[in-house]
Amino acid sequence: MLVDSHCHLNYKGLIEEQGAVLDRARESGVTAMLNISTRESEWRDIVATAERESDVWSSIGIHPHEADAHPDIDLAKLVEEAKHERVVAIGETGLDYYYDHSDRDRQRQSFRTHIHAARETELPIIVHTRDAEDDTAAIMAEEMEQGAYTGVIHCFTASEEFAHKALKLGLYISISGIVTFKNAKDLQATAAKLPIDRLLVETDAPFLAPVPHRGKTGEPAFVADTAKFLAELRGEDYERLCETTAKNFYKLFNKARP
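Analysis parameters
- Residues numbered from 1 in each chain as written.
- Predicted model: local features only at pLDDT ≥ 70, side-chain atom pairs only at ≥ 80, totals over all residues.
- Heavy atoms only, no water.
- Buried < 20%, exposed > 50% of the residue type's maximum accessible area, 1.4 Å probe, protein only.
- Helix = DSSP H or I, 4+ residues; strand = E, 2+ residues; numbered from the N terminus.
- Pairing = 2+ DSSP bridges.
- Right-handed = clockwise from strand over helix to strand, strands pointing away.
- Salt bridge = Lys/Arg side-chain N within 4 Å of Asp/Glu carboxyl O.
- Phe/Tyr/Trp six-rings, centres within 6.5 Å; stacked < 30°, edge-to-face > 60°.
- Lys NZ or Arg CZ within 6 Å of the ring centre and 35° of its normal.
- 1 Å grid on protein atoms, 1.4 Å probe; cavity = no way out; pocket = protein on both sides within 12 Å on 5 of 7 lines; lining within 4 Å.
- Points joined across faces, edges and corners; volume = space filled by probe spheres on them.
- Nonpolar A, V, L, I, M, F, W, Y, C, P; charged D, E, K, R; others polar.
- Core = buried A, V, L, I, M, F, W, Y, C linked by side-chain atoms within 4.5 Å.
- Contact = heavy atoms within 4.5 Å.
- Axes fitted to C-alpha atoms, helices over the stretch in contact; angles between N-to-C directions.

Chemist: Explanation requested: the pairing of strand β4 (residues 87-96) in the structure shown.
Modeler: Looking down a regular strand, the side chains alternate between one sheet face and the other. Most of β4 sits out of view: 10 of its 10 residues are buried. Relative to strand β5 (residues 125-130), β4 runs parallel, the two being bridged by 5 bridges. Within the sheet, the bridge partner assigned to threonine 93 lies in β5 and is valine 127. On the question of chirality, the crossover connecting β4 to the parallel β5 by way of helix α4 (residues 104-121) is right-handed.

Structural data, given as structure tokens:
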């Protein structure tokens, strides 16, 4: 069992040959993929892919980059769209102060709305955070005090301190191909110590192709390379890591079924 917990199958670079991309993933041992939405215009096609492919699931959400462009995305709309049987998560959402493509107040408002939707639907939230650790941690903690919810920090690149805060709140942490990069020493040190029962793996395809595929378009098949690197880094058996992270996926995204 091997699950790519975060990919963008409908993005340029993958959509043009989506069938072949899925075939290569399956040949690499990938048994499930979570296809992530980032803007409302994608929702219909992303859900349609999940309807068509039994090993693909979908999410509903607005990326922080897109917060300014979606002022009308409210709690009711997210909750309604998440009722679809192939939608298993809310997001991706969160905060990105590195690019600041959207106003920070708007990002924070959107993030809280997504958390409210996760709480109401009882679906996990997929959190993106970049150069915004303090605000991300504060909002997650404040919202947890208002009512429990579950989720994952996707494509984790933050500090070990932030990892501890997320884990304390009950969230999971997903590791992408960045962990294989030569300059990712801090991330590697943190990833080596994460509790295996809260660990997921992902590609974020078509981005962040891991070693030995640097420079190529990322695709779900490459999650096997990330998992192999992570297993070696942690001194664990590869098959055990694949099986455990897959079980973690289905425990967190419990609307999905193997």
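Chemist: Would you explain the pattern of salt bridges in this entry?
Modeler: Side chains that differ in charge, positive against negative, can pair when their charged atoms come close. Counted by the stated rule, this structure contains 21 salt bridges. Across the pair lysine 77 and glutamate 40 runs a salt bridge, and its minimum N-O distance is 3.4 Å. Of the two residues, lysine 77 is situated in helix α3 (residues 75-81) and glutamate 40 in the loop between β2 (32-35) and α2 (43-52); the sequence distance between them amounts to 37 residues. Overlapping salt bridges bring together Asp23, Arg26, Arg52, Glu53 and Asp55 as one network.

Chemist: Whenever I open this one, the packing of aromatic side chains confuses me. Can you help?
Modeler: Aromatic ring pairs are described here by two measures, namely the spacing of the ring centres and the angle between the planes. Summed over the entire model, instances satisfying the criterion amount to 5 aromatic pairs. Considering the side-chain rings of phenylalanine 156 and phenylalanine 162, the 6.4 Å spacing of their centres and the 25° angle between planes classify their relative orientation as stacked. Taken individually, phenylalanine 156 and phenylalanine 162 each receive the classification buried, so the pair is uniform in this respect. Ring geometry for phenylalanine 249 versus phenylalanine 253: centroids 4.9 Å apart, planes at 40°, classification tilted. You'll find phenylalanine 249 and phenylalanine 253 in the same group, each marked buried. One residue, arginine 104, lies across the ring of tyrosine 97, its end atom 4.1 Å from the ring centre. Stacked on the ring of tyrosine 98, the Lys or Arg arginine 130 has its end atom at 3.7 Å from the ring centre.

Chemist: I keep staring at empty space enclosed by the protein and nothing clicks. Help me out?
Modeler: Any empty space left between the atoms is revealed when a probe the size of a water molecule rolls over them. Tallied over the full model, the rule gives 1 cavity of 30 Å³ or more. Space inside the largest cavity adds up to approximately 40 Å³. Ser5, His6, Ile126, Val152, His154, Ser174, Leu200, Glu202 and Phe253 together form the lining of the largest cavity. Residues belonging to the lining of the largest cavity are distributed by class as follows: 4 nonpolar, 4 polar and 1 charged.

Chemist: Just checking my understanding: could you explain the nonpolar core for this structure?
Modeler: As a rule of thumb, soluble globular proteins bury nonpolar side chains together. In this structure, Leu2, Phe111, Met140, Ile153, Phe156 and Ile175 are the most contacted members of the largest nonpolar core, which totals 64 residues. When near neighbours in sequence (up to four residues on either side) are disregarded, phenylalanine 111 contacts Thr93, Gly94, Leu95, Ile125, Val127, Thr136, Ile139 and Met140. Among the nonpolar cores identified, the runner-up in size contains 17 residues, and Leu34, Tyr172, Leu200 and Tyr250 belong to it.

Chemist: For this particular structure, what's the right way to read the environment of isoleucine 126?
Modeler: Here isoleucine 126 is to be found in strand β5. Residue classification places isoleucine 126 among the buried positions, given a relative accessible area of 1%. Beyond its immediate sequence surroundings of up to four residues, isoleucine 126 is in contact with His6, Leu34, Ile36, Ser59, Ala89, Ile90, Gly91, Glu92, Thr93, Val152, His154 and Phe253.

Chemist: What exactly am I supposed to notice about unusual backbone geometry here?
Modeler: Comment: phi is negative for the bulk of residues other than glycine, and the bulk of peptide bonds are trans. A cis geometry characterises the amide bond from glycine 91 onward to glutamate 92, with omega recorded as 20°. Position of glutamate 92 among the secondary structure elements: in strand β4. Between valine 211 and proline 212 the backbone carries a cis peptide bond, its omega angle lying at 15°. Structurally, the position occupied by proline 212 is in the loop between β8 (199-201) and α8 (223-234). Of note, the phi angle at cysteine 155 is positive, near 45°, even though the residue is not glycine. Turning to its location among the elements, cysteine 155 is positioned in the loop between β6 (151-153) and α6 (160-168). Take cysteine 155: its relative accessible area is 13%, and that puts it in the buried class. Phi angles above zero are rare outside glycine, and leucine 208 is one such case at about 55°.

Chemist: Could you clarify how one ought to interpret the sheet that holds β4 in this entry?
Modeler: Backbone-to-backbone hydrogen bonds pair the strands of a sheet. The strands run either parallel or antiparallel. With parallel pairing, the 8 strands of this open sheet are ordered in space as β1-β2-β3-β4-β5-β6-β7-β8. Strands at the two margins of the open sheet, each flanked by one partner only, are β1 (3-7) and β8. Put simply, the sheet's adjacent strands are angled 30° from each other on average, direction ignored. As defined by bridge partners, β1 adjoins β2 across 3 bridges and the pair is classed as parallel. Looking at β2, one finds that valine 3 is bridged to alanine 32. Together, β1, β7 (172-175) and β8 form the strand contacts of α8, whose direction differs from that of β8 by roughly 145°.

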